[in-house]
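Listed below, chain by chain, are the residues.
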Amino acid sequence: MSQEVKRVMVPWVEKYRPKNIDEVVYQEEAVNVLKQCLKGDDFPNLLFYGPPGTGKTSTILALAREMFQDQFSSRVLELNASDERGIAVIREKVKRFAQQTVSRSENGNKYPPFKIIVLDEADSMTQSAQACLRRIMEKETKSTRFCIICNYISRIIDPIVSRCSKFRFKPLQQDLVMEKLATICNSENISLENDVVLTELIKVSGGDLRKAITFLQTAYRLKGDEILTINDVREVTGYIPENWIDMFVEACQKQSYENVEDVLNSMVAEGFSGAQLLNQLHDWVLGENCLLTDEQISELIEALALADYRLLEGADEFLQTFNVASVFIQLLGKK
Amino acid sequence: MALWCDRYRPTSLNKLDYNKEQADYLKRMIKSNDFPHLLVYGAPGSGKRTRVQCILREIYGPGVDKTRIEHLTIETPSNKKLELNSIASNYHIEVNPSDIGIQDRLVVQDVMKNIAQSGGLVDKVPFKVIVISEAHKLSKDAQHSLRRTMEKYISTLRLIMVADTSSTILPPIKSRCLLLRVAAPSTDKISQILEFVAKKENFDISPSLIQKIAKESERNLRRALLMMETMYINQSKDIIKPSYVLYIQRMAKKMVENPSLEKVKDIREDFYELEQHLIPVDLIFKVLIHSLLQICDKHLRGKLIQLASHYEHQMRVGSKRVLHFEAFVAHFMAAYQKFTEDNMIDDDDDLLAM
Ligand SMILES: Nc1ncnc2c1ncn2[C@@H]1O[C@H](COP(=O)(O)OP(=O)(O)OP(=O)(O)O)[C@@H](O)[C@H]1O
Ligand SMILES: [Mg+2]
């Protein structure tokens, strides 16, 4: 082992996290309003909602950093789902922090006259903890602003929602993700086999920029300085090679439960995820190789949806995918 | 004395017998000091745990093998105390949060907080590792509580989650990890390993028998080594099928021989018996389906799979397993009986027509 302390590399999602609010892409609606707020003293409570990796956490961190600069740590309290956020804690921590007085200026610098409490991943807070939070929000309006972040706004109780300015964060557009990835490839000196590699990354990450960046970094980590190919990307994303999908479809077309059983057993042994199989079958059903009638397609998609839902609840991969195959076999048999 | 499957466990990435390419990639990654959170997933018995131990060794050196058992006591908000065992070295800690059921979030929070605060830097490695086993069983709550922590404490802490499947892991967690799929060894590879172990143990066994074990093990190396060791201990000349397989096959027969309420009760007892021997339900379903598919008419197969997948899902969500299993059995018996009757009438029609 080398003598010096091992250098830690920051993950690229952190390294390329927007440093200021101008670097946040695509969420203009939110960004423009927030910039206005930065100018005046009139700052509302905020509610950010939207799918993972669209910039919610980054935006508030960047905003707070611009507002408070070196005072960031004394003015911003971040609580997320990993902290205990029962009622007791909300009362204690949030209240204590909210009640510390702030002054307009420190060491000759001027700062906004309030503090910010960020409640990230708020959709995992219990209803009663939210109710408690609501009362604190009411009481501390003078000195404190709240920023509530969640994926699903429906999980936040109405009285909180109505006390906040709401901003929806949209899944990022493909060309923006592409641009971001290209910039990273450039500054990290990654050589790609061709453009298809990035297109594939964007396809699998579906507007989640964090996912796209993480996948790019892991593919690069695994391959070192070799040229990245589409297969490297697919491997790190858990993509099932096409020939397995073909084998599955063929077994169904042969109407053979034995064959299906074999293929599925091998897939489980290979470690392919059932949910991923469903995704790719969905692509196949909607693709041009599929010669089913519209009616058959809709029945098959229904089976896929059912299986997907059950898998997320922890049902067995083998049985659930087997049922999809079985529906498929029966559809073909009816012809 | 250690079982063969433990005694011949490889201890470094170099010595892993299969998925060598992946092992090389991992080595390179650890060398570059650019080590992310990991989600290691693959079928039971595919060698995930062994691979993780090799990774730890590659990062920290042999000191990581010196482990001790630590008792964790975690207090719930309602002041109840939860007890849990963990395995720890100076460098890492391994927990199985699902051991304590729905309160798993507390375990995750507690362990993460301790490690994050006690800081990294042990022997020049700036981070400690938390291994979470059976991560596929983590509740959604527990998974949510990992999210921001995984970002925030990345400089002092790495997670290695070990899961039988990645399907139950939420997307925001997956997008924070390197996904590492561990494929089970091929049947040929298993034969090779069996041969190697047999030689070391001076066990005289024919190549054809080795191949038979390898095939029977369904690519589960642990199961294969156990089967071979059982033969060795019993001085047996042929493979001994696990008794639960025979047992479940008998259950299948009962389900199709003049079905009745009595039979349902009978099968309930069988189910209890299997559970007592710790046979997991998914395995029971799998073997049962396999047997029934071979027995029942091809027109009933669709119905069979549909019922099995329906009740297996209900069983996961519900609380009393035997209830759902019984419902499956009863429902299938009824379908079977109806099918047989309908077809007898068809036969009569045919007779009349003649
Ligand atoms: N709109 C954006 N502009 C620039 N970078 C972004 C944007 N959205 C996401 N990113 C990138 O993705 C990473 C993750 O974003 P962030 O943590 O803000 O997501 P999030 O919306 O809080 O997701 P989650 O709901 O999972 O918490 C950032 O580090 C950044 O690199
Ligand atoms: Mg976030």
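Okay, so let's go over this structure. (Residues numbered from 1 in each chain as written. Chains lettered and ligands numbered in written order. Predicted model: local features only at pLDDT ≥ 70, side-chain atom pairs only at ≥ 80, totals over all residues. Heavy atoms only, no water.)

## Regarding the overall build of chain A
Piece 1. For chain A, the helix and strand inventory stands at 16 helices and 7 strands.
Piece 2. In terms of overall dimensions, chain A has C-alpha extents of about 80 × 50 × 40 Å along its principal axes.
Piece 3. Relative to its 335 residues, chain A shows a buried fraction of 54%.
Piece 4. Taking the contacts inside chain A whose residues are at least 6 apart along the sequence as the reference set, 74% of them involve residues at least 24 apart.
Piece 5. Element-wise, carbon and sulfur atoms account for 50% of the exposed surface of chain A, whose accessible area totals about 15500 Å².
Piece 6. Within chain A, one finds 39 positive and 49 negative side-chain charges whose respective centroids are separated by 12 Å. (Helix = DSSP H or I, 4+ residues; strand = E, 2+ residues; numbered from the N terminus. Buried < 20%, exposed > 50% of the residue type's maximum accessible area, 1.4 Å probe, protein only. Contact = heavy atoms within 4.5 Å. Areas by Shrake-Rupley, 256 points an atom, 1.4 Å probe, with all protein chains shown as cover. Lys, Arg positive; Asp, Glu negative; His and termini not counted. Charge placed at Lys NZ, Arg CZ, Asp CG, Glu CD.)

## Here's the deal with the sheet that holds strand 2 (residues 76-79) of chain A
All names here are of chain A.
Piece 1. Taken in spatial order, the 5 strands make up an open sheet running 2-5-6-1-7, and their pairing is parallel. The sheet is open, and its two edges are formed by strand 2 and strand 7 (165-168), each paired on a single side. Going across the sheet, the axis of each strand differs from the next one's by a mean of 15°, ignoring polarity.
Piece 2. In the packing of helix 3 (residues 56-68) onto the sheet, contacts are made with strand 1 (46-49), strand 2, strand 5 (115-119) and strand 6 (144-150), and the angle to strand 1 comes to roughly 145°.
Piece 3. Taken strand by strand, helix 5 (residues 87-99) contacts strand 2, strand 5 and strand 6, and its axis lies near 160° from that of strand 5. (Pairing = 2+ DSSP bridges. Axes fitted to C-alpha atoms, helices over the stretch in contact; angles between N-to-C directions.)

## Looking at the environment of B:Arg316
Piece 1. Residue placement: B:Arg316 occurs in helix 13 (residues 301-317).
Piece 2. Take B:Arg316: its relative accessible area is 35%, and that puts it in the partly exposed class.
Piece 3. Between the C-alpha atom of B:Arg316 and that of B:Leu39, which follows or precedes it by 277 residues, the distance is 23 Å.
Piece 4. Each residue touching B:Arg316, except ones within four places of it in the same chain, is listed here: A:Glu313, A:Gly314, A:Ala315, A:Asp316 and B:Asp282.
Piece 5. Within the local environment of B:Arg316, its side chain forms a polar contact with the side chain of B:Glu312, the two groups lying 2.8 Å apart. (Polar contact = N/O pair within 3.5 Å; in protein donor to acceptor, adjacent residues only side chain to side chain.)

## With respect to the side chain of A:Asp120
All names here are of chain A.
Piece 1. Considering the arrangement of structural elements, one finds Asp120 in the loop between strand 5 and helix 6 (127-139).
Piece 2. In this structure Asp120 comes out as buried when scored by relative accessible area, which is 3%.
Piece 3. Side-chain polar atoms of Asp120 contact the side chain of Thr57, separated by 2.9 Å.

## A look at the interface of chain A and chain B
Piece 1. Taken together, the contact between chain A and chain B spans 70 residues of the former and 64 residues of the latter.
Piece 2. Summing both partners gives a buried area of about 6100 Å² for chain A against chain B, and 53% of it is carried by carbon and sulfur.
Piece 3. Where chain A meets chain B, there are 10 salt bridges.
Piece 4. Of the charged contacts, one joins B:Arg219 and A:Glu270 as a salt bridge, the two residues approaching to 2.6 Å between their closest N and O atoms.
Piece 5. Counting only elements with at least two residues in the side of chain A that touches chain B, the list comes to helix 3, helix 10 (209-223), helix 11 (230-237), helix 13 (257-270), helix 14 (274-286), helix 15 (294-312) and helix 16 (317-334) of chain A.
Piece 6. Considering every element that reaches the side of chain A that touches chain B, the biggest residue donor is helix 10 of chain A, with 9 residues.
Piece 7. In terms of residue class, the side of chain A that touches chain B is made up of 23 nonpolar, 23 polar and 24 charged. (Buried area = accessible area lost by both parts, 1.4 Å probe. Salt bridge = Lys/Arg side-chain N within 4 Å of Asp/Glu carboxyl O. Nonpolar A, V, L, I, M, F, W, Y, C, P; charged D, E, K, R; others polar.)

Shape is all these values report; function is a separate question.
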